[in-house]
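Observations on the model geometry
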Amino acid sequence: MTRQKTLAAGREYLAIPGPSVIPDAVLQAMHRAAPNIYAGELVDMTHSVVADLRRVARTSQHVAIYIANGHGAWEAALSNVIGPGDRVLVPATGRFAHGWADQCRGLGAETEIIEFGRASTFDLDRIGAALKADTGHRFKAVLATHVDTSSSVRNDIAGLRRVIDECGHPALLMVDCIASLGCDVFEMDAWGVDVMVSACQKGLMVPPGVSFVWFSDRAAEARARMARVSRYWDWAPRANPAEYYQHFGGTAPTHHIFGLRAALDMILGEGMEQVWARHAHLARAVWAACETWGQEGPFALNIADPSLRSHAVTAARLGAPHGTALREWVAGQIGLTLGIGLGMAESNDPAWHGFFRLGHMGHVNGQMIMGMLGGIEAGLCAIGVPHGKGGLEAAAKVLAEG
Ligand SMILES: *Cc1c(COP(=O)(O)O)cnc(C)c1O
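As a convention, each chain's residues are numbered from 1 in the sequence order in which they are written. Totals for whole chains, interfaces and linings use all residues, but because this is a predicted model, local features are given only for residues with pLDDT of at least 70 and pairs of side-chain atoms are given and counted only at 80 or more. Only hydrogens and water are removed before side-chain values are computed, so all heavy atoms of the structure are retained for them.

Cavities and pockets were defined on a 1 Å grid built from protein atoms only: a cavity is a group of points that admits a 1.4 Å probe but offers it no way out, a pocket is an open group of points flanked by protein on both sides within 12 Å along at least five of seven lines, and a lining residue is one with an atom within 4 Å of any such point. Grid points are joined across faces, edges and corners, and a volume is the space filled by probe spheres set on the points. When its volume is computed, the largest pocket comes out at roughly 440 Å³. Around the largest pocket sit 20 residues that line it, and Arg 11, Glu 12, Tyr 13, Val 21 and Met 368 are the ones nearest its centre. In this text, helices come from DSSP runs of H or I with a minimum length of four residues, and strands from runs of E with a minimum of two, each type numbered from the N-terminal end. Among the elements of the structure, strand 1 (13-15), helix 1 (24-30) and helix 12 (366-382) are those that each provide at least two residues to the lining of the largest pocket. Of the residues contributing to the lining of the largest pocket, the split by class is twelve nonpolar, five polar and three charged. Per the annotation, domain bounds derive from an automatic or database assignment of domains. Taken domain by domain, the lining of the largest pocket gets at least three of its residues from each of domain 1 (13-20 + 271-399) and domain 2 (25-268). Lining the second largest pocket we find 22 residues, and of these Pro 17, Gly 18, Phe 96, Gln 201 and Lys 202 sit closest to its centre. Residue assignment for the lining of the second largest pocket shows that the elements contributing at least two residues are helix 3 (70-81) and strand 13 (336-340). Under this grouping Gly is polar, as are all residues other than the nonpolar Ala, Val, Leu, Ile, Met, Phe, Trp, Tyr, Cys and Pro and the charged Asp, Glu, Lys and Arg. Partitioned by chemical class, the residues of the lining of the second largest pocket number eleven nonpolar, eight polar and three charged. Each of domain 1 (13-20 + 271-399) and domain 2 (25-268) accounts for three or more of the residues forming the lining of the second largest pocket.

Take a look at the structure:
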């Protein structure tokens, strides 16, 4: 066997936009014997997890838990309020809006997509025009992605609510916060969101496997008017169970509940405002390095306006084949895994190799961000891509700000 001479031995760093780094406290909470699922600690813990999931989403309304990934939460949310023949308006700012819209069509609904491209946010006036043109109020819901993980744009959800209200349109506002919950500021009740979906493996720092649908009283009324809702996805018994098993439509996700409890303790112990502030500060350090590298050569951030950037994921381009070459170098040589580009080019298009993404969501701190950025700078040197000098120093200065 030939021994490889690399610097990759040591703790690896998975810097992709989900699944995110799992805290040791979460791993330890999950490393235990199977519990009783009928009474005792697990049942009590589930009640506290449900209460704290409301706190994380900033809502006093309802939440249902699903043993599923984010796609499952999408399907669950739609299944409760969208049926065959319904119409749904979908402003799209990247790959994920299209995925959710496709699930609508799978349920027999019609979608009207307003396309905003792969590097910008909503134009609220265009959305307002589409709502005003719908004089018969046929749109039952507006589907919005808070942070599109492919483009790394952060959309204005409060502004979208305002536009819906100004148009006097009764459509439900349904929001995908899978990449933003526990990272970017989100206020379900204050922003007037009717349905919000998220999953546990991004800002919530738990291995993939459970996801959530929060819903308002208004959405519950829309659910009650449905001709039928598939039993398994029905949020009503999950949010308001007569028996414990109804929380999950069957056996509880035992170890995920233990992991979630530990993760929610960390998040609420730090405080939502501080969790948001930490992500914002770390994101500014990432951008400072990237913008400095971009002063010379091909490095560029996908979202030009900092006020529209996610605080949890950053999409970047380096030109093919350098994006893939950089990812392969940092993974193989120094134990750092960066995200692939998503939705920017088809995977069989040579241009695909020009894109990549940095995940900085959840359990990340200043020294991890500096390690990731240092690794990228080493990679840029190693693969010989010209770049502006001083990226690390620019990031360090941002971290040093109070
Ligand atoms: C990750 C993600 C999804 C999909 O979640 P899965 O767990 O992979 O099914 C959907 N929407 C957004 C915004 C995401 O970031």
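Judged by nonpolar contacts, the single largest core of 58 residues is most densely connected at Leu 53, Leu 131, Phe 186, Val 193, Met 196, Phe 212 and Trp 214. Taken together, domain 1 (13-20 + 271-399) and domain 2 (25-268) each give at least three residues to this core, which thus spans both. Leaving out residues up to four positions away in the same chain, Leu 53 has contacts with Val 63, Ile 65, Leu 204, Phe 212, Trp 214 and Leu 264. Among the buried residues, those of types Ala, Val, Leu, Ile, Met, Phe, Trp, Tyr and Cys that are joined through side-chain atoms within 4.5 Å form a nonpolar core. A simple rule labels every residue: compare its accessible area, found with a 1.4 Å probe on the protein chains alone, to the largest value its type can have, and call it buried under 20%, exposed over 50%, or partly exposed in between. Between two residues, a contact is recorded if the distance between any of their heavy atoms is within 4.5 Å.

What follows is about the packing of aromatic side chains. Only the six-membered ring of Trp is used, alongside the rings of Phe and Tyr, when aromatic pairs are assigned; centres must lie within 6.5 Å, and planes under 30 degrees apart are stacked while those over 60 apart are edge-to-face, with the rest tilted. Summed over the entire model, instances satisfying the criterion amount to eleven aromatic pairs. Between the aromatic rings of Trp 74 and Phe 96, the centroid separation amounts to 6.5 Å while the plane-to-plane angle is 65 degrees, which identifies the pairing as edge-to-face. Of this pair, Trp 74 sits in helix 3 while Phe 96 sits in helix 4 (residues 95-106), and the two are 22 residues apart along the sequence. Neither Trp 74 nor Phe 96 differs from the other in exposure class; each is buried. Judged by centre distance (5.4 Å) and plane angle (55 degrees), the ring pair of Trp 293 and Phe 299 falls under tilted. We classify Trp 293 as buried; its relative accessible area is 0%. A residue is classified by how much of its surface remains accessible, and Phe 299, at 4% relative accessible area, is buried. Chaining the aromatic ring pairs together yields one cluster made of Tyr 66, Tyr 232 and Trp 233. Look at NZ for Lys and CZ for Arg. If either is within 6 Å of the ring centre and within 35 degrees of the ring normal, a charge sits over the ring. Seen from the ring of Tyr 232, Arg 238 lies directly overhead, with NZ or CZ sitting 4.6 Å from the centre.

Cis peptide bonds are those with omega within 30 degrees of zero, and the linkage from Gly 18 to Pro 19 qualifies with 0 degrees. Locating Pro 19 in the fold gives a position in the loop between strand 1 and helix 1. With omega at 0 degrees, the peptide bond leading from Ala 320 into Pro 321 counts as cis. If you trace the backbone, Pro 321 turns up in the loop between strand 12 (313-317) and helix 11 (322-334). For Ser 152, which is not glycine, the phi dihedral falls at a positive 65 degrees. Looking at the secondary structure, you find Ser 152 in the loop between strand 6 (147-148) and strand 7 (153-154).

What follows is about helix 13 (residues 391-400). Among the residues of helix 13, Gly 391, Ala 394, Ala 395 and Val 398 are the ones counted as buried. Angular distribution of buried residues about the axis of helix 13 spans 95 degrees; they occupy a single face of the element. Helix 13 presents Glu 393, Lys 397 and Ala 400 as exposed residues on the side facing more than 90 degrees away from its buried surface. Directions from the helix axis toward the C-beta atoms define the arc.

Quick look at the UniProt feature "domain: Aminotransferase class V" (unreviewed entry) in the protein chain now. Residues annotated by UniProt as "domain: Aminotransferase class V" (unreviewed entry) correspond here to residues 38-286. A distance of 46 Å separates the end C-alpha atoms of residues 38-286, which is 43% helix and 17% strand. UniProt positions are given in the numbering used here, feature names are shortened, and annotations may be inferred rather than shown by experiment.

So, about the sheet that holds strand 8 (residues 172-176). Strands were regarded as paired on the criterion that DSSP finds at least two bridges between them. Here seven strands make up an open sheet; going across it, the order is 2-10-9-8-5-3-4 and the pairing mixed. Since the sheet does not close on itself, it has two edges, and those belong to strand 2 (62-66) and strand 4 (110-115), each with one partner. Geometrically, the sheet is characterised by an average inter-axis angle of 20 degrees between neighbouring strands, direction not taken into account. Pairing of strand 5 (residues 139-145) with strand 8 involves five bridges; the strand directions are parallel. Across the sheet, residue Ala 144 finds its bridge partner in strand 8, namely Val 175. Axis lines are fitted through C-alpha atoms, for helices just across the contact stretch, and the angle between N-to-C directions can take any value from 0 to 180 degrees.

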